[in-house]
Amino acid sequence: MRATRRLLAPAPGWTTTADVVVVGSGVAGLTAALHAARAGSVLLVTKVLVDDGSTRWAQGGVAAALGPDDSPEEHLRDTLVAGVGLCDVDAVRVLCEEGPSRLRELMAIGAAFDRDSSGALSLTREGGHHRDRIVHAGGDATGAEVQRALVAAVKAHPQIRLVEHALVLDLLRTADGRAAGVTLHVLGEGTEDGVGSVHARAVVLATGGMGQVFSSTTNPSVSTGDGVAIAMRAGAAVSDLEFVQFHPTSLYLGPGATGQQPLVSEAMRGEGAFLVDADGRRVITTDDHPLADLAPRDVVAKAITRRMLEQSVDHVLLDARHLGEELLLQRFPTIVARCREAGIDPVTEPVPVAPAAHYASGGVRTDLSGRTDVPGLYACGEVACTGVHGANRLASNSLLEGLVFAARIGADLERELPPQGEPVVGPTEAVLLDPSVRAELGTAMTSGAGVLRSAASLARTAAALQELGARTTQAPSPAAWEATDLHLVATALVAAAARREETRGAHWREDCPEASDAWLGHLVTTLTGTSFEPLESA
């Protein structure tokens, strides 16, 4: 059995049971709960409120081959191109072939997507797609509509209980290493510290991303990498952590802005907006990439970063003025409103934008049924590494991945829900870092392991993380638990990024600017270290 670890926390003061516990309430967690409810009782636990995750911030839409001129095979091809040789073709095929059915299921439970005057779904295009295949809702409020429909279905389901304000700490396991539930801290539950346990026959991690590991991110404050950390401490393998996608166009709020940055969806570029510098020169053209401003996100983020470095500036501009007020307000009401709040009017002036950490293509390694290598532990959504995204996620494939693989977990549980095991607490090392490390950690990660990376910058970041790792505390608290999770994830990410001596997809090494066939494979990390697994065909 692999090495394990646990957070320093009080012993559970209360216990509840369920057949399945689902951790997280974004598109993946909500969908997993609905499908797992066919196998038995479900307890859905979420960190703050049920609609506080990343899903509601998704602006662009959901990709699926629904148009008459489109096909799953074409969607598969675009996804493989974006993944730069590291996608699992079988996983991508599952995504593209099952995606349309999952999207229709979502509409059947009440999700209302935008339609044209004939009543047909209004399909648009985003970076890396060669067809109009993105469905959207409320113009640029797709995530909010998906979340609304799923939350309503979950709340109405008699087999699903919902617990909010619950920070999951660690996986409970049996003597032979099988998942047996979780420990968690619930505000106002039980004793003053609120630590309890859920005994369950299976555990599904759907905790979302880890963007808060960087000082500037489009992710909400709850995205602290908890699921990856929980899985690692339980002995599970994580893969491809070095491939963090930086969204090319977060709204630039001025020097010193940190935390969650507003997203300016690439759907604006899909409608014809384009990137320029302060001199009005295009940032990316067809000379750089055939799709120019609609190139995959890593290409656009790199082009923006290069221009920013050349000119010693901290942002570029997105010009959408020619689209006109009517289209901008119809398609992008949320973005226009957020820009105007910041004193910028996209109708009359270019929007200042800069890259920000946006999406983790890697995560807890799973098979096509969402199973990790810890028996009884599943993962789906951004916390998982299904193999769909490879080195870089294709735009609007994230919500689709959550829908498709969460449903597959439900089907697997329906086929065979394991018996309840007896949790045991082994002689594992307990860890807890002081909450004060969080700000310094984010600064170090953005500086040395952000869009720009090199052996030297990653070594500096690793040294900074090692120093921060010595700043421990004996006072358990949610802030300390989150800081400890962030530190474990950051350390694993930096180790993988330092090991991969090439530039591929979302991983850009200044000192190794080309892709190398020698690195066609996956970096797999556990508590004991990082190893390279070549592709079978490589």
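Scroll up to find the structure this text is about.
Below is a short write-up of the structure. Note that the structure is a prediction, hence the values are computed from the model and not measured. (Residues numbered from 1 in each chain as written. Predicted model: local features only at pLDDT ≥ 70, side-chain atom pairs only at ≥ 80, totals over all residues. Heavy atoms only, no water.)

Notes on the pairing of strand E22 (residues 521-526)
- Counted residue by residue, E22 has six buried out of six residues, so it is predominantly covered.
- Pairing analysis gives two bridges linking strand E12 (residues 238-239) to E22, with the strands arranged antiparallel. What sits directly across from Ser239, in E22, is Val524.
- When E22 meets strand E23 (residues 529-534), the two strands line up antiparallel, connected through six bridges. Note that in E23 the partner of Thr525 across the bridge is Thr530. (Buried < 20%, exposed > 50% of the residue type's maximum accessible area, 1.4 Å probe, protein only. Helix = DSSP H or I, 4+ residues; strand = E, 2+ residues; numbered from the N terminus. Pairing = 2+ DSSP bridges.)

Some words on the environment of Arg393
- Relative to the helices and strands, Arg393 is located in the loop between strand E20 (384-385) and helix H10 (398-415).
- Along the chain, Arg393 and Gly99 lie 294 residues apart, while their C-alpha atoms are 16 Å from each other.
- Discounting chain neighbours no more than four positions away, the residues touching Arg393 are Gln245, Arg297, His358, Tyr359, Ser361 and Ser398.
- In this structure the side chain of Arg393 is engaged in a polar contact, spanning 3.3 Å, whose partner is the side chain of Ser398. (Contact = heavy atoms within 4.5 Å. Polar contact = N/O pair within 3.5 Å; in protein donor to acceptor, adjacent residues only side chain to side chain.)

Some thoughts on the side chain of Thr124
- Relative to the assigned elements, Thr124 resides in strand E5 (residues 123-124).
- Non-local contacts of Thr124, meaning those with residues more than four positions away in its chain, are made with Arg131, Asp132, Arg133, Ile134, His136, Glu271 and Arg331.

Describing the sheet that holds E23
- One open sheet accounts for five strands, arranged E20-E18-E12-E22-E23; its pairing is mixed. What marks the edges here is a single partner per strand, and that holds for E20 and E23.
- Sitting on the sheet, helix H5 (residues 226-233) touches E12, strand E18 (363-365) and E22, and the angle it makes with E18 is about 40°.
- Running at roughly 45° to E23, helix H13 (residues 478-499) makes contact with E22 and E23 of the sheet. (Axes fitted to C-alpha atoms, helices over the stretch in contact; angles between N-to-C directions.)

Here we look at H13
- Taking 1.5 Å as the rise per residue, H13 with 22 residues should run 32 Å; its terminal C-alpha atoms sit 32 Å apart, in good agreement.
- Burial analysis of H13 places 16 of its 22 residues in the buried class, which makes it a mostly covered element. (Expected span 1.5 Å × (residues − 1).)

Some thoughts on the state of the cysteines
- With the rule as written, the count across this model stands at zero disulfides.
- No disulfide involves Cys87; its sulfur sits 9.4 Å from the nearest other cysteine sulfur, which is in Cys96. (Disulfide = S-S within 2.5 Å.)

So, the packing of helix H3 (residues 89-108) against H10
- Their axes nearest at 8 Å, the elements H3 and H10 cross at an angle of 95°. By the criterion of interaxial angle, the relationship of H3 to H10 is roughly perpendicular. On H10, the residues touching Ala91, Val94, Leu95, Glu98, Gly99, Arg102, Leu103 and Leu106 of H3 are Leu400, Glu401, Leu403, Val404, Phe405, Ala407 and Arg408.
- Taken together, the residues of the contact of H3 with H10 sort by class into ten nonpolar, one polar and four charged. (Parallel < 35°, antiparallel > 145°, perpendicular 65-115°, else oblique. Nonpolar A, V, L, I, M, F, W, Y, C, P; charged D, E, K, R; others polar.)

Examining the packing of aromatic side chains
- Scanning the entire structure with this criterion turns up two aromatic pairs.
- Ring centres of Phe214 and Phe246 lie 5.3 Å apart, and the angle between their planes is 70°; this geometry places the pair in the edge-to-face category. Here the residue Phe214 occupies a position in the loop between strand E10 (195-205) and strand E11 (216-217), and Phe246 occupies one in strand E13 (residues 244-251), the gap between them amounting to 32 residues.
- Between Trp519 and Phe532 the ring centres are 5.1 Å apart and the planes differ by 70°, which places this aromatic pair in the edge-to-face class. (Phe/Tyr/Trp six-rings, centres within 6.5 Å; stacked < 30°, edge-to-face > 60°.)

Observations concerning helix H7 (residues 297-311)
- Taking 1.5 Å per residue, 15 residues should reach 21 Å; H7 reaches 21 Å between its end C-alpha atoms and fits that length.
- What H7 keeps buried is the set Arg297, Asp298, Val300, Ala301, Lys302, Ala303, Ile304, Thr305, Arg307 and Met308.
- Buried residues belonging to H7 abut E13, helix H6 (267-270), strand E15 (274-276), strand E16 (316-319) and strand E17 (351-360).
- Within two residues after H7, Ser312 carries a phi angle of roughly 55°, on the positive side.

Topic: the nonpolar core
- The biggest cluster of nonpolar side chains holds 59 residues, and the ones touching the most others in it are Leu171 and Met445.
- Considering every element that reaches this core, the biggest residue donor is H13, with nine residues.
- With 50 residues, the next largest nonpolar core counts Cys96, Leu106, Leu399 and Leu403 among its residues. (Core = buried A, V, L, I, M, F, W, Y, C linked by side-chain atoms within 4.5 Å.)

Topic: unusual backbone geometry
- Phi at Val84 takes a positive value of approximately 50°, unusual for a residue other than glycine.
- For Val84, the location among the structural elements is in the loop between helix H2 (72-82) and H3.
- Here Val84 falls in the partly exposed class, since its relative accessible area comes to 29%.
- Not every positive phi belongs to a glycine, and His165 is a case in point at roughly 55°.
- Assignment of secondary structure puts His165 in the loop between strand E7 (160-163) and strand E8 (166-173).

Focus: the sheet that holds strand E4 (residues 62-63)
- Taken in spatial order, the three strands make up an open sheet running E4-E6-E5, and their pairing is antiparallel. Looking at which strands have only one partner, the edges of the open sheet turn out to be E4 and E5.
- In this structure, E4 lies alongside strand E6 (residues 134-135), joined through two bridges in antiparallel fashion. Counted as the bridge partner of Ala63 is Ile134 from E6.

Description of the pattern of salt bridges
- Scanning all chains against the criterion turns up 36 salt bridges.
- Measuring nitrogen to oxygen at the nearest pair gives 2.8 Å for the salt bridge that ties Arg408 to Glu98. Pair noted here: Arg408 is in helix H10 and Glu98 is in helix H3, with a separation of 310 residues, a long-range link.
- Between Arg365 and Asp373 there is a salt bridge whose closest N-O contact spans 3.9 Å. (Salt bridge = Lys/Arg side-chain N within 4 Å of Asp/Glu carboxyl O.)

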